[in-house]
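Structural description and commentary
Listed below are the residues making up each chain.
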Amino acid sequence: MGKVIVIDPYLTKNPRTPAKYKDLKALGKVDLILVTHGHVDHITDLPELAKLTGATVVGVPDLVYNLVSLGFLDGSKTIGMNKGGTMTRLGPGIKVHIVAADHSSPLDLLAIKPDTTGVRNIAGGAPVGYVLEFESGFKIYDTGDTAVFGDMALIHRFYKPDLALVCIGGHFTMDPEHAAFAVRELIRPKQVIPQHYGTFPVINRTPAELKTALGDAPIEVLDVKPGEAVRF
Ligand SMILES: [Zn+2]
């Protein structure tokens, strides 16, 4: 079996998670958990999933070391890495690069400690995205939560991602129109999987709207539903 990488675990409280995956054990083996930032809909299941699977956790030092200090992550299995960094913890054939994102990123204590009173958000460093580079040469760029920003063009120049996972929900992140601009003009992948939409009423935009906004751009939109598998 290959390696299993989970990005931003938010399953047990996510209204769109299929029933089967409400139980974190359903994920089976997990080798690596990547965290893009500390918002509630990105880290709620991080401590439990890390404990359950023994997976290594990667995120910006400000975020993951605060989680270690507070007792939510095991310091011996946590790697703090920042924008510009590359790691090969899963072997030389799999490279994980951290790239910029334009968003906010406190550590939201309510995500991991629901009885929190008083100050809710503490320092969580900068938000990031990830580029995963596999032995086959296939590259995936996960934007994380972000607005469109000009340096997405650098991500294209450095990595030329084949597949981009792009946020389209609007309100907190890019909407379909901005995401279409980002992938058509800046990231320029062959395929796109839309993400970060439909979870809450305020981010109720759709992959169909991304397709419309892309017009005749030669980029395929894969409308993957929660729980579905895609092979490349
Ligand atoms: Zn966010």
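Residues numbered from 1 in each chain as written. Predicted model: local features only at pLDDT ≥ 70, side-chain atom pairs only at ≥ 80, totals over all residues. Heavy atoms only, no water.

To continue, consider the domain arrangement of the protein. When its domains are assigned, the protein resolves into domain 1 (1-83 + 108-125) and domain 2 (138-225). When domain 1 packs against domain 2, the two sides together hide about 650 Å² of surface, and 57% of this comes from carbon and sulfur. When the area that domain 1 buries against domain 2 is broken down by residue, the three leading residues are I7, R16 and D41, summing to 53%. For the pair domain 1 and domain 2, the number of links is 0 salt bridges. Our count for the domain 1 to domain 2 interface comes out at 5 residue pairs in polar contact (both at pLDDT 80 or more). (Domains from an automatic or database assignment. Buried area = accessible area lost by both parts, 1.4 Å probe. Salt bridge = Lys/Arg side-chain N within 4 Å of Asp/Glu carboxyl O. Polar contact = N/O pair within 3.5 Å; in protein donor to acceptor, adjacent residues only side chain to side chain.)

For the rest of this paragraph, the subject is the layout of surface pockets. Computed from the structure, the largest pocket encloses a volume of approximately 2,200 Å³. I5, V6, I7, L165 and E228 are the residues nearest the centre of the largest pocket, which is lined by 50 residues in total. Listed by contribution, the elements that provide at least two residues to the lining of the largest pocket are β1 (5-7), α1 (40-43), β9 (128-133), β10 (139-142), β11 (163-167) and β12 (191-195). The residue makeup of the lining of the largest pocket, split by class, is 29 nonpolar, 11 polar and 10 charged. (1 Å grid on protein atoms, 1.4 Å probe; cavity = no way out; pocket = protein on both sides within 12 Å on 5 of 7 lines; lining within 4 Å. Points joined across faces, edges and corners; volume = space filled by probe spheres on them. Helix = DSSP H or I, 4+ residues; strand = E, 2+ residues; numbered from the N terminus. Nonpolar A, V, L, I, M, F, W, Y, C, P; charged D, E, K, R; others polar.)

The geometry of helix α6 (residues 176-187) relative to helix α7 (residues 207-214) is characterised by a closest axis approach of 8 Å and an angle of 50° between their N-to-C directions. With respect to α7, the element α6 is oriented oblique. Note on packing geometry: the crossing formed by α6 with α7 is right-handed. The segment α6 lies against α7, with P176, E177, A179, A180, V183 and R184 engaging E209, L210, A213 and L214. Across the contact of α6 with α7, the residue classes tally to 7 nonpolar, no polar and 3 charged. (Axes fitted to C-alpha atoms, helices over the stretch in contact; angles between N-to-C directions. Parallel < 35°, antiparallel > 145°, perpendicular 65-115°, else oblique. Left-handed = near helix turned anticlockwise from the far one by under 90°. Contact = heavy atoms within 4.5 Å.)

Below, the discussion takes up the packing of helix α5 (residues 152-159) against α6. Two elements in contact, α5 and α6, have axes separated by 8 Å at closest approach and are oriented at 45°. Classified by the interaxial angle, the pair formed by α5 and α6 is oblique. Note on packing geometry: the crossing formed by α5 with α6 is right-handed. Contacts from M152, A153 and H156 of α5 reach α6 at A182, L186 and I187.

Those residues of α7 not exposed but buried are P207, L210 and L214. Each buried residue of α7 sits inside an arc of 50° when the element is viewed along its axis, so together they form one side. In the core, the buried residues of α7 are packed alongside α6, β12 and β13 (220-221). At the exit of α7 stands G215, carrying a positive phi of roughly 55°. (Buried < 20%, exposed > 50% of the residue type's maximum accessible area, 1.4 Å probe, protein only. Arc of directions from axis to C-beta.)

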